[in-house]
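Spelled out from the first residue to the last, the chains are:
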Amino acid sequence: MDSGGSSDMTLAFELAALQQLADPNAVFNNARQWTEYVGVVSEKPTYVVTNFTRKHRVRQDFFSGPRGVEESLENIKTQFETDRHVFVGITDEDEAVAEAAGWEFLHVEDAAEAAGWTLGEDEETAEADADDRDDWP
């Protein structure tokens, strides 16, 4: 994905969008080449995000914790002062949340096409996979 030559960008993925990518670790490694910060936000409980990122060896610079996505994006924007803040999601609601928080929005399919990332399994399969461990913590 071309950021116009600048790496002064914060990139946040909605967990469901990240789950749609075939290799989340490769996506994060690629994104680090043209972003300053990259992380995950979600309405899901923290352990679900942590479980997914550990399983896929994703090293994130930030995550949403116990707060909602909009509040997380607002907090991230104040903590990570970059020229651009881009939120990758999948729904119209994701786009509305991005707008409300003052972030640019990219649909995961558009982001994947622009960056050369491979889309993987569908969201329902990925979510079931992410929630399959009930023994956490």
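Described below are features of the structure shown in this document. All of these numbers come straight from a predicted model, not from anything done at the bench.

Moving on: the environment of D110. Inspection of the secondary structure assignment puts D110 in helix α6 (residues 108-115). Judged by relative accessible area, D110 falls into the partly exposed class, the value being 46%.

Interaxial distance between helix α4 (residues 69-79) and helix α5 (residues 92-101) falls to 9 Å at its minimum, and their mutual angle equals 40 degrees. Taken together, the axes of α4 and α5 lie oblique to each other. Like other packed secondary-structure pairs, α4 and α5 cross with a definite hand, here right-handed. Across the interface between the two elements, V69, E70, L73, E74 and K77 from α4 touch V97, A98, A100 and A101 from α5. Here the contact of α4 with α5 is composed, by residue class, of six nonpolar, no polar and three charged.

Of all the residues in helix α3 (residues 46-55), the buried ones are V48, V49, T50, N51, F52 and T53. Residue R57 follows α3 closely and has a positive phi angle near 55 degrees.

Here α5 has its buried residues at D94, V97, A98 and A101. Along the long axis of α5, the arc covered by the buried residues comes to 100 degrees, so they all point the same way. Along α5, the residues that are exposed and aim more than 90 degrees away from the buried face are D92 and E99. Buried positions along α5 lie against β1 (9-14), α4, β3 (84-89) and β4 (104-107). G102 lies just past α5 and shows a positive phi near 80 degrees.

If you look at the biggest cluster of nonpolar residues, it comprises 26 residues, and the most contacted ones within it are L11, F13, L21 and W117. Excluding residues within four positions of it along the chain, L11 makes contact with A31, W34, T35, Y37, V38, G39, F62, V86, V88 and W117. By size, the runner-up hydrophobic cluster in this structure holds twelve residues, among which are L73, I76, A98 and W103.

Here is what the cut-offs are and how they apply
Positions within a chain are numbered from 1, following the residues in the order the chain's sequence is written. Given that this is a predicted model, residues contribute local features only at a pLDDT of at least 70 and side-chain atom pairs are listed and counted only at 80 or more, while totals for whole chains, interfaces and linings are drawn from all residues. Water and hydrogen atoms play no part in the side-chain values, which are based on all heavy atoms of the structure. The secondary structure listing takes helices from DSSP runs of H or I that are at least 4 residues long and strands from runs of E that are at least 2 residues long, numbered from the N terminus. Three labels apply to residues, based on accessible area from a 1.4 Å probe with only protein chains included: buried if under 20% of the type maximum, exposed if over 50%, partly exposed otherwise in between. Lines fitted to the C-alpha atoms define the axes, with helices restricted to the stretch that makes contact. Angles between their N-to-C directions range from 0 to 180 degrees. In this scheme, roughly parallel covers angles under 35 degrees and roughly antiparallel covers those over 145, while 65 to 115 is roughly perpendicular and the rest are oblique. With the far helix as reference, a near helix turned anticlockwise by less than a right angle produces a left-handed crossing, and one turned clockwise produces a right-handed crossing. Contacts are assigned to residue pairs with any non-hydrogen atoms lying within 4.5 Å of each other. Classification convention: Asp, Glu, Lys, Arg as charged; Ala, Val, Leu, Ile, Met, Phe, Trp, Tyr, Cys, Pro as nonpolar; all other residues, Gly among them, as polar. Throughout, the arc means that of the directions going from the helix axis to the C-beta atoms. Residues enter a nonpolar core if they are buried and are Ala, Val, Leu, Ile, Met, Phe, Trp, Tyr or Cys, with the set joined through side-chain atoms within 4.5 Å.

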